[in-house]
Structure formats: structure tokens, C-alpha cells
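Examining the three-dimensional arrangement
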Amino acid sequence: MPILTLHEIAQTVGAKLPADADPAMSIFGATTLEEAQTGQIAFYEHPKYLRALRMTKAAVVIVPPAFDEVLAPVVLRVSNPAAAFSAILDKLEPTVPQERESGIHPTAVVHPTARVDPTATIEPLAVVEEGVEIGPRSIVGAHALVGRHSRLGEDCHLHPHAILRDGCLLGSRVVIQSGAVIGSIGFGFAFVEGRHRRLGHRGCVQLDDDVEVGACTTIDRARFGRTWIQTGVKIDNLVQIAHNVVIGPHCLIVAQTGISGSARLGQYVTLAGQVGVVGHVEIGDQVIVAAKGGVSKDTAPRQQLMGTYGIPAKEARELVAHYRRLPKTVAKIKALEQELAELKVLVAKSLARG
Amino acid sequence: MPILTLHEIAQTVGAKLPADADPAMSIFGATTLEEAQTGQIAFYEHPKYLRALRMTKAAVVIVPPAFDEVLAPVVLRVSNPAAAFSAILDKLEPTVPQERESGIHPTAVVHPTARVDPTATIEPLAVVEEGVEIGPRSIVGAHALVGRHSRLGEDCHLHPHAILRDGCLLGSRVVIQSGAVIGSIGFGFAFVEGRHRRLGHRGCVQLDDDVEVGACTTIDRARFGRTWIQTGVKIDNLVQIAHNVVIGPHCLIVAQTGISGSARLGQYVTLAGQVGVVGHVEIGDQVIVAAKGGVSKDTAPRQQLMGTYGIPAKEARELVAHYRRLPKTVAKIKALEQELAELKVLVAKSLARG
Amino acid sequence: MPILTLHEIAQTVGAKLPADADPAMSIFGATTLEEAQTGQIAFYEHPKYLRALRMTKAAVVIVPPAFDEVLAPVVLRVSNPAAAFSAILDKLEPTVPQERESGIHPTAVVHPTARVDPTATIEPLAVVEEGVEIGPRSIVGAHALVGRHSRLGEDCHLHPHAILRDGCLLGSRVVIQSGAVIGSIGFGFAFVEGRHRRLGHRGCVQLDDDVEVGACTTIDRARFGRTWIQTGVKIDNLVQIAHNVVIGPHCLIVAQTGISGSARLGQYVTLAGQVGVVGHVEIGDQVIVAAKGGVSKDTAPRQQLMGTYGIPAKEARELVAHYRRLPKTVAKIKALEQELAELKVLVAKSLARG
């Protein structure tokens, strides 16, 4: 676990140390403002994180030059906090550690027609089938499977027990965690004479550069063509992605979400946990769907949706407030009925008198 | 990938080609009206798919003799469209391709007491335990496990990493996809002196003919007797089926649905994605539960249910409309209160005058 | 499968047999009142199970001395029914059967630095990595993986295909079912210059004594420190537990529930199926969240919550009743508007007359 001193950090990002800071202080991790603990570093750039900044437990924060609020952590001012943080991240939290020796473990089963780059690693009891190509520095973990004619680019990492079925295409730096299944057969049947007859699924799954797939997530192959996860998409654990779905660049798909067949997401979409998306819909760029939300129709860009019926977040919050006031609302109606009845009596009396 | 000409298709189904159709046109896939793309064939039989028929991108559609609407695709009229489609499906989309050589891979671990049919295939690094029986032409994929005393019928296919625990019974043509776990130990405990004590689960899982189980789906063994999935049931990915559940013939269970212990489903039930069913309920034949729905009590046949509380679909849709009008409803009440107050003043005045 | 006679059962628990009971009757299973079938035994202690007791199909029930209701099953009275049941359970349903020979299967891949107790069992094709420690009588199932420097105590059982990643700590009697992934990398990214950059996850997962983890459940390692599942917690299938979550002793986490990063649960919490918990919240002791419920803020002990918005159960049930009466409520408002309009006319008439 790399550790940097505050002095080394200030040098790395080209910032001036505050006079009262201890240059020898040890920093052992880089993370978000919200997650940071004592001894760690975080960064701040956008005002929407101001509250998180004020409450952070980080020891050091990187902020823009103009930021002048007094804070508990050591404050380093730089012109581009995100880039500075990124440089620190590279030093403190290097990705995809290449700690294992390259080469093919003697217990792995590699088909003679497979082309494995000499810098790649095939761990114990992995299976690499016919016609597979594995690029430089890629790792196929213990018990992992690479199905026939699949291709991995550079620096990919199939964790132990990752399952990549036939004919799938991975770019570079793709990570597939344990128990994930890429290229399963989709849920497509024709109902013929009282039985569900399976339809063929001849397509593949394509995962572009820097895609990461969580543990026990399933991505079905396309019926024809490809199920396509584009650059930089991050998928959490236990997510279901059906056949022919297309997910645009840099989306975040949180745990236990399900996306039905042929749905299409734009870029920078966030689906929070346990979201459901029905088949054949289009979701625009930068849409955010809150946890447990449902999406059942096309959605314009930059919407925020909530709830099973995918209602715009502002309206949804208002509706929940109304919902929780229902007993009071009903009581009001009862009171109105009562008052109206009494008034009727008065009016009748008045009319009788008149 | 088999390809048929339009001429071959017309011959196969015994239909007359329209005069303006090109008999040499290539057709490369058979699928549903909704999923079909250029170059593919679909069929139409029931009026509820009329909208899908009018919007299909299929190149060819098979319809009943009396159907006379003008459509963009080439139209083939036959007396039984479903059977005709089925014949095409057999030619264009053959199921369970037997592309691998039969026999036991030298790296597989097969217990000497296991009886493996000579036409069956055991792929690399699979484990077949004590007392197992594997029928003709069945395939046990790479890294798959067949637990002690389990039995597979004919033409079953355990995909790579499919996990079948001890004592399970499979009919013929059963498919279990990668990462699925059949025969896990159910979630049954007795709360004794402040601790949850595990109860035994001595039963098994029985999967009848033509059952298919999706990737990373879990089916718990029975406490006693069997968890029983009957003929032709199709189960999607990441589904949870608890101990002693019984699912009747030809049900469809869509992804991420959970069915609690001892629930019983009739035949032709559809549970859409992310549905939850509580324990010990009975669901009648042909019930349909919409995505994200919940079922917490016995349900008569042919109901359509929606929402967490499993409300009949028609009522549920009405309630959602009322829900979304709540702000207007509340505004109406406010207006009524205002008008009533004003009227009271008038009445008081009138009475005072009288 | 052990079987006891009614005579043996009465002797084991020190109860007197009723005069009309057959001492030779065979009892083959011990379970809950609700699950029990003919030929099985259950126990009753708390009045909240009175209805289950009256409806049980058990052949024998163990009850407190003062219980004097007449029931269909044979009734055995003892001073501590739970302890008596526990004694029967030990005889009828012994846990973690050690049916396999101990030792390391020749096809398993065990790193020379791993320390495996001679009474432990390593099944075929399992992988045990560098620096691992495996305690007495623990079992590592076929195809299971124990990642580098992980430690298992006594009598642990990794079922076939259980996946334990690097540096995880297991107490004694821990059970991990097939397809579960312990120590996956959490879903933590910093958004830097238009891309999600992965943050390191250097922590581990700690599972204390008697924890059980269901099939295909995923538990992410901590960013720093540990994701911590405490004594006696039982986790069902397909559950997602994110980085740095802490779950207190004896909680029950039912299938398909998701718990987000850094959430903390007290002891004896029950999360029913498909529940979602957002990050960073605290849930007090003995809280119960109903199936499909959501928890989005801190929760005091002993609350019962229901619904997506985590509303107290009593209020939630009332709100659902109001929700389902919305059409009637709206009709009442319409009627009020009508009556008010009519009354206005009367008042106007009265005033005009006056």
C-alpha cells in the first residue's frame, strides 16, 4: 500500500503547503469527500459537493484557487483539482495490479488454436477455448472461462470465475469480476402451439475500452448483431442486461438493476440500485433514475426520474408528500361534508322563515 | 448460420408466393414481430399482435388465410401460421447445437461410480460426482458440477459453470445456463435461544422436460420432498426460487424475480421482471404479474396484477391516474373550503337580516 | 436420514407421552410449525405463533407446561420448548455433514505456502492461493477458490464454486454457498475529467462465527478497513452487500436485498426480500423492513417499515387503504362540489327574496 507524505503530495500537484501544515504527515488513500477517513485525501470542484466538503473527514483536500473558506483539513489550492487528484490517485491507488507472473499455469486448459500474448497471464484451472485471442498483459483468473473465438484487448482482467461465452469482443482495460456471465443466451421465445419455443441468439456481446462489470452480473448476447456496452461504462454487481441492449459511454449502472431487451441508453446515464427498464425504450443522455425506479417509456435527456412509474423527481417528491397527507386530506373532506350538512340546515331554516 | 431463400420458405410452409415477391431473397433469421429486423421472418396469429404486425421490420410474415390487410413485408398465407413458423424455426434456428465431440475430456473429474452415456459430452475441468447418471447426448460444460446422485435425461445441456448440487432430477432437453445454482440450501431457520438454527433441507430439485434456467439463477432444494419446476417452464437470469416452490407447466419467470418458500404457481403464469411472491401463496393458471409487482395472497386464474400490492391491473392503472392528480384534488378541496367559508358568511348575513 | 420414534423423542426431551399416543410412531424431520408436514415435529413458545400452532400439520408439537389447548398433533409439554426442540434438531437434522474424506484431492491446486489443517478437506479442482490458512475440519468444495492470505477458522464450509477473494477473514462454522462472491471490488469511482476513475479497495471482508451466505450473493471488500458481517448473521441468495457495510449479530437478510456502501445495521435486524438500503444510513436493533421496502434514512430500533419510502408499517397500511379508496374520495369531492353549487343557488335565491 503506497503512502505519500504531505510534502510529496504538494510537490506532485504543484501546490503551496499552508504554513501550519506538517510536511511529514502520512497520507495513505485517495477517495471521495464523503468516503474519506483520517489520513486520506479528497478533492472538491463543483459547488454541489460543498456540503460534503464541509463534512469530510479527509486529512487533505484539493480545491480550486479561488476557494477561501476555512476548513478542518489541510487545503491545497490548484488550478485543476480533478487533474491534481487524478495524479495523486495514480500514485496512491494504482489500478489493475500486475502482481502475478505472466504465462500459462500448467493446470489451465488452453486450446492449441488460441493465441495468447506472451505477456498475458492464464491462472490455474482457467479454460481458454478454440480460436480465442488474448492481448498483451491481460489476465484470465483462476477458473475463468474464455469461450470460443472471443477476443480480449490489452490489460483486460477476468477475475477468478469470470465467465465469457463464445464470440464476445472486449476492448482494452476491460474488467470482469467473479461470477459475472457475459454472453448468456437471452430470454427469447415464440409461443407456438402451447409451448415456448426458444429463438436463436446468434449475436455477441461487445464491451468497449474501460468497461467494468461487477460480480454475478449477467449480460445476454444479442439475437443478431451485438449487445453493446460502450467506453467507460461501469456496471455494479448482480445487474441483468438483456439481449441487444445498447449502453452509451460512461453510464453508471448500480447493483441489482435490470435492463430489458433492446433498450438503449445515451451517455452519462445513471441507473441507481434495483432500477428496472422495460424493453425497446430509449433513455437520453445524463438521465438519472433513482433507486427502485422504473422506466417504461422513452425519456428525454437530463431528466431525473423516481418511483416505479418513472415520474420526474420533483413531481414524484410532491406526490409522496400528498400521499403521506392522505389521512388529513380525507379528514378535511369529512369536515367539509359535516359543515355543508349543517349549512344546509341553516339555509333550509332561513328559507322556511323567509 | 443457415440461410433460406424466400422460395425455399414458401415451399417449406406450403404457401403461394405473391407475384411481386423475389423468390431469391435471402432470409437469415426467424423471430417475433417486435424483434424482427430486415432479412428476417415472423408470424402473426392473434389480433392482440395486430399493432406489432403493422410496425414490424420483418421482410416476411406468415399470416392466416383470411388476413387481407396490405403490409410492407412479403405476406405468406397458411392455414396454421404457428406451425408453419415452427417448421421455419427448425431450419433457420436449430436448437442446442451439438458442435462438440462427445466423450469425457481428460481434465474432467468423473467419479468411477458415475454412469455417463457414451454419446454424452463432459467438457474440460467439469466435475461429475458419485452415483450420477447422465443420459444420451447430454452436455456437461466446462467447470460445470453435477452433484452426487443427480440424474440428467436426454439432450440436457449444462452450460459452463452451471452448478447442480446433490440429488437433483432433470428430465430431457433441460438447459441450465452458466452460474446458475440448482439445489442450494434454503433459507430456513428456527429461532432458538437468541440464535437462528439452520433447519435441514433434505429434499431435492426436480426440473421436468424442456425447462430452461437462466444465468446466475438460484433454485433452493426442498426441505423435504422436492422443489418442482414442471414441463416447459422458462426461467430468466438472476431469479430466486425458494424451497418447496412448485411451478406449473409452461410458466415464464422473467429476470430478477423472487419466489418465496412453498408458493405454488399454476400453468402458463407469467411473472415479469423483478416481481416478488411471498411464501405459501397459490397463483392460478394464466395469471400475469407486471414488472416490479408483488403477490402476497392467493390469486384466482387469469388475473392481471400490478404494483407492490398486487392490485388488479385495471384498478391499478386507475389508481395511478388518481395518484398523479393528487395535487389537483387537494387544490379542489382548498377551493371548496374557501367557497364554503364565503357561503357561510352569506348565510349568516341572510339569517341576521331575516 | 435419521428417524426417531415418538418414544425416543419423549425420552430425549424428558416429556411424558400422552396415554393415547403410539410410542412407535416414526418422526423424520424437525421444522417450523408452518412448514411441518405429517411425520414431523415442531415447537411452540410465543403466543404470536398460536395461529400457526392451531393450523400446523406436524405430527408432534413441543409446548410449554401450562399450555392446555386440545390439538390434533401429539402434544409434549416441557419447561423449555426451544431447548427441547434444539436437542431434537441435533438428532434429526445434524448440520454440516462431514460425509467426505478429509485431505487434498489430487486435482486441487494448493499453493505451497498455504497452511491446510490435516483434518480439512479440499475437493476436486479447488484453488487455494498463496498464504491461505484453513482450520480444522473446514471444507473447500469442488471448484471453490480461496484467495491469497484469506483465513478460515474451524468447521467452515465453502460449497462448490464458492469464491473467496484475497485477504478475507472467516470465523468458525461459516458457510458460503455456491456462486457467492466474497471480497469483490466495490463500486467506487471518482468522476474526473469526464470519466469514472476507479478508486482502490484495499480493505477486506470479515465474516464472524456462524455466518451463512446464500448462493450467488456478493459481498464487496471495504475501501479501507473491513466490510463486517457479525456473529450468526444469515444471508439468503442473490443479496448485494456493498463496501464497508457493517451488519450486527443475528440479522436475517432475505433474498435479492441490496445494502449500499457504509450502511450499518444493529443486531436482530430483518430485511425481507428485495429490500433496498441506501448508503451511509444506520438501522437500529430489531428493525424489520417488509419485502420490497426501501430504507433511505437512519432508523430507530424496533421500528417496522414498509414500502419504497420506508414508512412505519402501521401508517403504511393505512396509507395503502386510503390509496385504494382514492376513486371514492374523488367521487365524494365531486358530490360536495355539486351540493355546494346547489346550495349556492338556494342561498342566492334566499338573499334575493330577502
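Residues numbered from 1 in each chain as written. Chains lettered and ligands numbered in written order. Predicted model: local features only at pLDDT ≥ 70, side-chain atom pairs only at ≥ 80, totals over all residues. Heavy atoms only, no water.

1. As for the overall build of chain A
Going by this rule: By definition, any uninterrupted DSSP run of H or I lasting at least four residues is a helix, any uninterrupted run of E lasting at least two residues is a strand, and each is numbered from the N terminus. Put simply, the radius of gyration uses C-alpha atoms, and a globule should come to 2.2 Å times the residue count raised to 0.38. What makes two residues a contact is simply this: any of their non-hydrogen atoms within 4.5 Å. Residue burial considers only the protein chains on display, and all accessible areas are found by Shrake-Rupley using a 1.4 Å probe. Counted charges follow a simple rule, with Lys and Arg positive, Asp and Glu negative, and His plus the chain ends left uncounted. Each charge is placed at NZ for Lys, CZ for Arg, CG for Asp and CD for Glu.
When its secondary structure is counted, chain A shows five helices and 39 strands. In terms of overall size, chain A is more extended than a compact globule, its C-alpha atoms giving a radius of gyration of 28 Å where 354 residues would be expected to give roughly 20 Å. Once the C-alpha set of chain A is aligned to its principal axes, its extents read approximately 110 × 80 × 30 Å. Partitioning the contacts of chain A with sequence separation of at least 6, the portion at a separation of at least 24 is 17%. Surface summary for chain A: the accessible area is close to 14100 Å², and the carbon and sulfur share equals 53%. Charge centroids of chain A, computed over 36 positive and 35 negative side chains, lie 11 Å from each other.

2. Considerations on the relation of the copies chain A and chain C
Rule in force here: Least-squares superposition of the copies uses the C-alpha atoms of those residues scoring a pLDDT of at least 70 in each of them.
Under the fitted operation, chain A is carried onto chain C by 0.0 Å of movement along the axis and a turn of 120°, and the coordinates agree to an RMSD of 0.1 Å. Seen this way, the second copy is the image of the first under a three-fold rotation axis.

3. Describing empty space enclosed by the protein
Going by this rule: Using only the protein atoms, space was sampled on a 1 Å grid; points where a 1.4 Å probe fits but cannot get out form cavities, open sets with protein on both sides within 12 Å along at least five of seven lines form pockets, and lining residues are those with an atom within 4 Å of a point. Grid points are joined across faces, edges and corners, and a volume is the space filled by probe spheres set on the points. Each residue receives one of three labels: charged for Asp, Glu, Lys and Arg, nonpolar for Ala, Val, Leu, Ile, Met, Phe, Trp, Tyr, Cys and Pro, and polar for the others, Gly being one of them.
Enumeration according to the criterion identifies six cavities of 30 Å³ or more in this entry. In this structure, the largest cavity spans a volume of roughly 570 Å³. As for the largest cavity, its lining consists of 27 residues, and the residues nearest its centre are T308(A), Y309(A), T308(B), Y309(B) and T308(C). When contributions to the lining of the largest cavity are tallied by element, the ones reaching two or more residues are α4 (313–324) of chain A, α4 (313–324) of chain B together with α4 (313–324) of chain C. Here the second largest cavity defines a volume of roughly 290 Å³. Lining the second largest cavity we find 15 residues, and of these Q274(A), K292(A), Q274(B), K292(B) and Q274(C) sit closest to its centre. In terms of residue class, the lining of the second largest cavity is made up of three nonpolar, nine polar and three charged.

4. Comments concerning the sheet that holds strand β34 (residues 276–277) of chain B
All names here are of chain B. Under the convention used in this document: When DSSP locates at least two bridges between a pair of strands, those strands are taken to pair.
The sheet built from 10 strands is open, its strands ordered β8-β11-β14-β17-β20-β25-β28-β31-β34-β37 with parallel pairing. Edge positions in the sheet fall to β8 (109–110) and β37 (294–295), since each has one partner strand and no second. With two bridges connecting them, β8 and strand β11 (residues 127–128) associate as parallel partners. Of the residues in β11, the one forming a bridge with V109 is V127.

5. Description of the packing of aromatic side chains
The test is simple: Working definition: rings of Phe, Tyr and Trp (its six-membered ring) pair if their centres are within 6.5 Å, and the pair is stacked with planes under 30 degrees apart, edge-to-face with planes over 60 apart, and tilted otherwise. Buried means the residue's accessible area, taken with a 1.4 Å probe over protein chains only, is under 20% of the maximum for its type, while exposed means over 50%, and partly exposed covers the values in between. Counting as a charge over the ring demands two things of the Lys NZ or Arg CZ atom: a distance within 6 Å of the ring centre and an angle within 35 degrees of the ring normal.
All told, the structure shown has 18 aromatic pairs over all chains when counted by the stated rule. Their ring planes at 90° and their centres at 5.9 Å tell us that F191(A) and Y268(B) sit as a pair that is edge-to-face. Here F191(A) is found in strand β21 (residues 189–192), whereas its partner Y268(B) is found in the loop between β32 (264–265) and β33 (270–271) on a different chain. Under the relative-accessibility criterion, Y268(B) is labelled partly exposed at 24%. Positioned above the aromatic ring of W228(B) is the side chain of R226(B), whose terminal nitrogen or guanidinium carbon lies 3.6 Å from the ring centre.

6. Some details on the interface of chain A and chain B
Convention followed: Joining two parts hides part of their accessible area as seen by a 1.4 Å probe, and the buried area is that hidden amount summed over both. Salt bridges are counted wherever a side-chain nitrogen of Lys or Arg sits within 4 Å of a carboxyl oxygen of Asp or Glu. Polar contact is defined as a pair of N or O atoms within 3.5 Å, subject to the rule that within protein one atom must be able to donate a hydrogen and the other to accept it, and that residues adjacent in sequence are counted only when both atoms are side-chain atoms.
Facing the 75 residues of chain A at the interface are 76 residues of chain B. With both chains or domains summed, chain A and chain B bury close to 6100 Å², and 62% of this area falls on carbon and sulfur atoms. Along the contact surface separating chain A from chain B lie five salt bridges. When the shortest N-O distance is used, the salt bridge between R324(B) and E315(A) registers 3.0 Å. For the interface between chain A and chain B, the tally reads 23 residue pairs in polar contact (both at pLDDT 80 or more).

7. Remarks on the interface of chain A and chain C
Counting from both sides, the interface comprises 76 residues of chain A and, opposite them, 75 residues of chain C. Buried area between chain A and chain C, summed over both chains or domains, comes out near 6100 Å², and the portion from carbon and sulfur atoms is 62%. The largest per-residue losses of area from chain A upon contact with chain C belong to K292(A), Y323(A) and R324(A), which jointly make up 10% of the total buried on that side. At the junction of chain A and chain C, the tally comes to five salt bridges. One salt bridge in this structure joins R198(C) and E212(A), with 2.5 Å as the shortest N-O distance. On the surface where chain A and chain C come into contact, there are 23 residue pairs in polar contact (both at pLDDT 80 or more).

8. So, the domain arrangement of chain A
The accessible area lost on association of the parts is a frequent measure of interface size. As a reminder of what qualifies: For the domain bounds, the source is a domain assignment made automatically or taken from a database.
Splitting chain A by domain gives domain 1 (4–92), domain 2 (103–314) and domain 3 (324–353). Relative placement of domain 1 of chain A and domain 2 of chain A: their C-alpha centres are 35 Å apart.

9. Let's talk about the pattern of salt bridges
The final tally for this structure, using the stated rule, is 39 salt bridges over all chains. Taking the shortest distance from any N to any O, the salt bridge between D210(C) and R195(B) comes out at 3.6 Å. On the criterion of chain membership, the pair formed by D210(C) in the loop between β23 (204–207) and β24 (212–213) and R195(B) in strand β22 (residues 195–198) is interchain, its members lying in two chains. A residue is classified by how much of its surface remains accessible, and D210(C), at 16% relative accessible area, is buried. A residue is classified by how much of its surface remains accessible, and R195(B), at 38% relative accessible area, is partly exposed. Shared partners join several salt bridges into a network, and the residues in it are R173(A), D209(A), D210(A) and R195(C).

10. Description of the environment of L164(B)
All names here are of chain B. Tracing the backbone through its elements, the reader meets L164 in strand β17 (residues 163–164). Judged by its relative accessible area of 0%, L164 falls in the buried class. Placed 152 residues apart in sequence, L164 and A316 show a C-alpha to C-alpha distance of 40 Å. Once you skip the residues sitting within four places of it in the chain, L164 turns out to touch L145, V146, G147, S150, L152, L158, L170, I176 and I182.

11. What to know about the side chain of N244(C)
Residue and element names in this part refer to chain C. Relative to the assigned elements, N244 resides in the loop between β28 (240–241) and β29 (246–247). Within the structure, N244 has its side chain in polar contact with the backbone oxygen of F224 (distance 3.0 Å). There is a polar contact of 3.4 Å between the side chain of N244 and the side chain of H243.

12. Some points on the sheet that holds strand β38 (residues 304–306) of chain A
All names here are of chain A. If you walk across this open sheet you meet the 12 strands as β7-β10-β13-β16-β19-β24-β27-β30-β33-β36-β38-β39, and the pairing is mixed. One side of each edge strand has no neighbouring strand; the edge strands of this open sheet are β7 (103–104) and β39 (311–312). Relative to strand β27 (residues 234–235), strand β24 (residues 212–213) is paired through two bridges, and the arrangement is parallel. Along β27, the bridge assignment pairs E212 with K234.

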